[in-house]
Amino acid sequence: MRQTYASTKPAPQHDTALPQPAQRLLAECGEEGLRHLVQLHMQRLRHTALLSRSDNCFEYVAQRVADFVVEACGGPLFYSAHHADLQAGAGLPLLLDAQAREVWLVQLWHALDEAGLSTSSRAAFWNWAEPLSVHLLAPKARHQHLTRYPYDTVRSWFPETVHPRPQEQRH
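Residues numbered from 1 in each chain as written. Predicted model: local features only at pLDDT ≥ 70, side-chain atom pairs only at ≥ 80, totals over all residues. Heavy atoms only, no water.

1. A closer look at the overall build of the protein chain
Right, so step 1: If you tally the helices and strands in the protein chain, you get 7 helices and 2 strands.
Right, so step 2: Each helix (α) and strand (β) of the protein chain, taken in turn from the N terminus, gives the series β-α-α-α-α-α-α-β-α.
Right, so step 3: Taking all 171 residues of the protein chain together, the buried fraction comes to 44%.
Right, so step 4: Of the roughly 9,600 Å² of accessible surface on the protein chain, 53% is carried by carbon and sulfur atoms. (Helix = DSSP H or I, 4+ residues; strand = E, 2+ residues; numbered from the N terminus. Buried < 20%, exposed > 50% of the residue type's maximum accessible area, 1.4 Å probe, protein only. Areas by Shrake-Rupley, 256 points an atom, 1.4 Å probe, with all protein chains shown as cover.)

Structure (structure tokens):
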């Protein structure tokens, strides 16, 4: 990502709570829409160094992330029910370094574009996911200054592309 207009701020401390997504995301996107968005994002990440070696467990990881997103947005407690037995510290599906975080965010932006979310849903999801990405950083990376990417800044970097929502596409 370009860093020209983004701001560099100290990373939050370990005790910073995870951000909460806008509860309207579940109502606007539906569980299927959120799972579709996660699948698009995960498929994009599969072609990067982040998940290129995940062949054996890719579907499990993608399901785990989708369960996390749906539950975080107020949906069924699939993540807690299916992944409650994980070790402490293993609650988040992926740990990133600062460079991998940028890859994760760029691919998320493109997945949001492909999913065809409304501008308000897209902004709400980004405004949850961008701070969430800080929590996905490995502990060493959390102590470094990192670049934050506000929605309006990132939006200015990419041309507006409109994709029809999956239910609006003709078969």
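2. Focus on the state of the cysteines
Right, so step 1: Evaluated as defined, the whole model comprises 0 disulfides.
Right, so step 2: Between Cys29, a cysteine without a disulfide, and Cys73, which holds the nearest cysteine sulfur, the sulfur-to-sulfur distance is 7.6 Å. (Disulfide = S-S within 2.5 Å.)

3. A closer look at helix α5 (residues 119-135)
Right, so step 1: Relative to the 24 Å expected for 17 residues at 1.5 Å per residue, α5 spans 25 Å between its end C-alpha atoms, a close match to the ideal helical length.
Right, so step 2: Counting buried positions over the 17 residues of α5 gives 13, a clear majority of the element. (Expected span 1.5 Å × (residues − 1).)

4. Let's talk about the packing of helix α1 (residues 24-46) against α5
Right, so step 1: Two numbers describe how α1 lies on α5: the axes approach to 11 Å, and their chain directions differ by 75°. Taken as axis vectors, α1 and α5 run roughly perpendicular relative to one another. In this structure, α1 uses Arg24, Leu25, Glu28, Cys29, Leu34 and Leu37 to contact α5, whose residues at the interface are Ser120, Ser121, Ala124 and Phe125.
Right, so step 2: Class assignment of the residues belonging to the contact of α1 with α5 gives a composition of 6 nonpolar, 2 polar and 2 charged. (Axes fitted to C-alpha atoms, helices over the stretch in contact; angles between N-to-C directions. Parallel < 35°, antiparallel > 145°, perpendicular 65-115°, else oblique. Contact = heavy atoms within 4.5 Å. Nonpolar A, V, L, I, M, F, W, Y, C, P; charged D, E, K, R; others polar.)

5. A closer look at the nonpolar core
Right, so step 1: Core analysis: the largest hydrophobic core is formed by 45 residues, its most contacted members being Met42, Val69, Trp104, Phe125 and Trp126.
Right, so step 2: For this core, the secondary structure elements donating two or more residues are α1, α2 (58-72), α4 (98-115), α5 and α7 (151-157).
Right, so step 3: In contact with Phe125, other than residues within four places in its own chain, are Leu25, Leu34, Leu37, Val69, Leu108 and Leu112. (Core = buried A, V, L, I, M, F, W, Y, C linked by side-chain atoms within 4.5 Å.)

6. Some words on the packing of α2 against α5
Right, so step 1: Following both chains from N to C, one finds α2 and α5 inclined at 120°, their axes separated by 13 Å at the closest point. One way to sum up the angle between α2 and α5 is to call them oblique. Remark: the crossing between α2 and α5 carries right-handed chirality. On α5, the residues touching Phe68, Val69 and Ala72 of α2 are Phe125, Trp128 and Leu132.
Right, so step 2: Residues that form the contact of α2 with α5 fall into these classes: 6 nonpolar, no polar and no charged. (Left-handed = near helix turned anticlockwise from the far one by under 90°.)

7. Description of the pattern of salt bridges
Should the charged atoms of two oppositely charged side chains come close, the side chains can pair.
Right, so step 1: A full pass over the atoms with the stated rule returns 7 salt bridges.
Right, so step 2: As a salt-bridge pair, Glu31 and Arg35 come within 3.0 Å of each other at their nearest N and O atoms. Placement of the pair is Glu31 and Arg35 together in helix α1, with a separation of 4 residues, close to one helical turn.
Right, so step 3: According to the relative accessible area criterion, Glu31 is partly exposed, its value standing at 26%.
Right, so step 4: Taking the relative accessible area as the measure of exposure, Arg35 reaches 17% and is therefore buried.
Right, so step 5: Its salt-bridge partner being Arg101, residue Glu130 comes within 2.6 Å of it at the nearest N-O pair. Placement of the pair is Glu130 in helix α5 and Arg101 in helix α4, with a sequence separation of 29 residues.
Right, so step 6: Within this structure, Glu31, Arg35 and Asp67 form a network of salt bridges that share partners. (Salt bridge = Lys/Arg side-chain N within 4 Å of Asp/Glu carboxyl O.)

8. Points about the confidence of the model for the protein chain
Right, so step 1: In this model, the protein chain carries an average pLDDT of 81, and 77% of its residues clear a pLDDT of 70 or more.
Right, so step 2: Within the protein chain, α1 carries the highest mean pLDDT (96), whereas strand β1 (residues 7-10) carries the lowest (49).
Right, so step 3: This stretch, residues 1-5, has a pLDDT under 50; its non-local contacts, to residues over four places away or in other chains, come to 14 contacts. (pLDDT = per-residue confidence, 0-100.)

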